Amino acid sequence: MAFFGQFAASEPSLRTRNRQDEIIAALADPVADAMGYEIVRIRVLSGKRQTVQIMAEKADGTMDVEDCAKLSRALSEVFETNDPISGEYVLEVSSPGIDRPLTMLAHFERWEGFEAKIELDRLVENRKRFRGILAGIEGENVLIDLEGEEETAMLPFEWIAEARLVLTDALIAESLKGRGGEAPVWTDGAETVTDDTQIDNTSKTNR
């Protein structure tokens, strides 16, 4: 086993990147949990009109268009009341997609045996990017079998900046099996519902 670091006692998550994302997560998580969904990732994208991107899935890893629409409607009501975003924005709810991001430690355990790409937030042996077969977890560390390396590498989860599955035949086959033989969701967030009904929150009066 090749150890690349000592993991801290905290439990980080790659679901959010900043305080704004965390505020949205605090509102979205209870709603999603009550409906049987898990929030996989939250991102707020800037532009002419901000976009709040929320990826979610059910416990079995599926998330179809109907599920996205249900969650979108429920979240819209909560966001209308609590105003987590200043200014005009669009809410976009999607599935993680087949080549999904891995944002929690449990995801690396769930997808053991499949190929993944991992980028760290620091250099380790003069590299930040790793690609290989996930080998589960040990404590709060991610195990990965790297090509050309005899020993399984151990990466502290708190060092991971981005991680996602690699689209392979094995992953496609697993997706087909999980979806009852239906065509898989091919790419990141492929099944998406966008709510264009959000209004400019700066114009709201106190309720």
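Here the structure is a predicted model, which means the values were calculated and not measured.

Rules and cut-offs
- Residues numbered from 1 in each chain as written.
- Predicted model: local features only at pLDDT ≥ 70, side-chain atom pairs only at ≥ 80, totals over all residues.
- Heavy atoms only, no water.
- Helix = DSSP H or I, 4+ residues; strand = E, 2+ residues; numbered from the N terminus.
- Buried < 20%, exposed > 50% of the residue type's maximum accessible area, 1.4 Å probe, protein only.
- Areas by Shrake-Rupley, 256 points an atom, 1.4 Å probe, with all protein chains shown as cover.
- 1 Å grid on protein atoms, 1.4 Å probe; cavity = no way out; pocket = protein on both sides within 12 Å on 5 of 7 lines; lining within 4 Å.
- Points joined across faces, edges and corners; volume = space filled by probe spheres on them.
- Nonpolar A, V, L, I, M, F, W, Y, C, P; charged D, E, K, R; others polar.
- Phe/Tyr/Trp six-rings, centres within 6.5 Å; stacked < 30°, edge-to-face > 60°.
- Pairing = 2+ DSSP bridges.
- Axes fitted to C-alpha atoms, helices over the stretch in contact; angles between N-to-C directions.
- Parallel < 35°, antiparallel > 145°, perpendicular 65-115°, else oblique.
- Left-handed = near helix turned anticlockwise from the far one by under 90°.
- Contact = heavy atoms within 4.5 Å.
- Expected span 1.5 Å × (residues − 1).
- Bend = angle between axes of the 7 residues up to and from the residue.
- Polar contact = N/O pair within 3.5 Å; in protein donor to acceptor, adjacent residues only side chain to side chain.

Once that is clear, we can look at the overall build of the chain. The secondary structure content of the chain amounts to four helices and ten strands. For the chain, the succession of helices and strands along the chain, N to C, is β-α-β-β-α-β-α-β-β-β-β-β-α-β. For the chain, the proportion of its 207 residues judged to be buried stands at 46%. Total accessible area on the chain stands at roughly 10,800 Å², and carbon and sulfur atoms take up 47% of it.

Let's shift gears to empty space enclosed by the protein. In total, this model carries one cavity of 30 Å³ or more according to the counting rule given. Approximately 30 Å³ is the volume attributed to the largest cavity. What lines the largest cavity is simply Leu14, Arg41, Arg43, Pro101, Leu102, Thr103, Ala161, Glu162 and Ala163. Going through the elements one at a time, strand S2 (37–45) and strand S9 (160–165) are the ones with two or more residues in the lining of the largest cavity. Looking at the lining of the largest cavity, the element that brings in the most residues is S9, giving three residues. Of the residues that constitute the lining of the largest cavity, the class distribution is five nonpolar, one polar and three charged.

A few words on the packing of aromatic side chains. The tally for this structure, following the rule as stated, stands at two aromatic pairs. Where Phe108 meets Phe157, the ring centres are 5.9 Å apart and the plane angle is 70°; that geometry is what we call edge-to-face. Remark: Phe157 occurs in the loop between strand S8 (153–156) and S9 and Phe108 occurs in helix H3 (residues 105–110); sequence separation between them is 49 residues. You'll find Phe108 and Phe157 in the same group, each marked buried. Ring centres of Trp111 and Phe114 lie 5.6 Å apart, and the angle between their planes is 70°; on these two criteria the pair is classed as edge-to-face.

Take the environment of Glu138 next. Its place among the elements puts Glu138 in strand S6 (residues 127–138). C-alpha separation for the pair Glu138 and Met154, spaced 16 residues apart in sequence, amounts to 8.1 Å.

Of the two faces of S8, both are covered, the one formed by Ala153 and Leu155 as well as the one formed by Met154 and Pro156. Bridge analysis of strand S7 (residues 141–146) against S8 gives four bridges, and the strand direction is antiparallel. Across the sheet, the residue bridging to Leu143 is Met154, located in S8. Taken together, S7 and the strand that follows it, S8, pair antiparallel across an intervening segment of six residues, in which Gly148 is found at a positive phi of about 85°.

Direction vectors running N to C along helix H1 (residues 19–35) and helix H2 (residues 65–82) enclose 140°, while the axes themselves pass 10 Å from each other. For the element pair H1 / H2, the angle class is oblique. You can see that H1 and H2 cross each other, and the crossing is right-handed. Touching Ile24, Leu27, Ala28, Val31, Ala32 and Met35 of H1 are Lys70, Leu71, Ala74, Leu75, Val78, Phe79 and Asn82, all from H2. Among the residues making up the contact of H1 with H2, the classes are represented as eleven nonpolar, one polar and one charged.

Because each turn of an α-helix spans 3.6 residues, side chains separated by three or four positions end up pointing in the same direction. An ideal rise of 1.5 Å per residue puts 24 Å on 17 residues; H1 measures up with 25 Å between its terminal C-alpha atoms. At Ala28, H1 shows its maximal bend, which comes to roughly 30°, and the proline Pro30 appears one to four places after that position. Along H1, the residues that are buried comprise Asp21, Ile24, Ala25, Ala28, Asp29, Val31 and Ala32. Looking at the buried positions of H1, the neighbouring elements they touch are S2, strand S3 (50–58) and H2. For H1, the side-chain oxygen to backbone nitrogen distance between the N-cap and Gln20 is 3.2 Å, and the N-cap itself is Asn18. Of the residues one or two after H1, Gly36 is the one with positive phi, at around 85°.

Take H2 next. The terminal C-alpha atoms of H2, which comprises 18 residues, lie 25 Å apart, in line with the 26 Å expected from a rise of 1.5 Å per residue. Residues Asp67, Cys68, Ala69, Leu71, Ser72, Ala74, Leu75, Ser76 and Phe79 constitute the buried set of H2. Phi for Asp83, located one or two positions after H2, is positive at around 50°.

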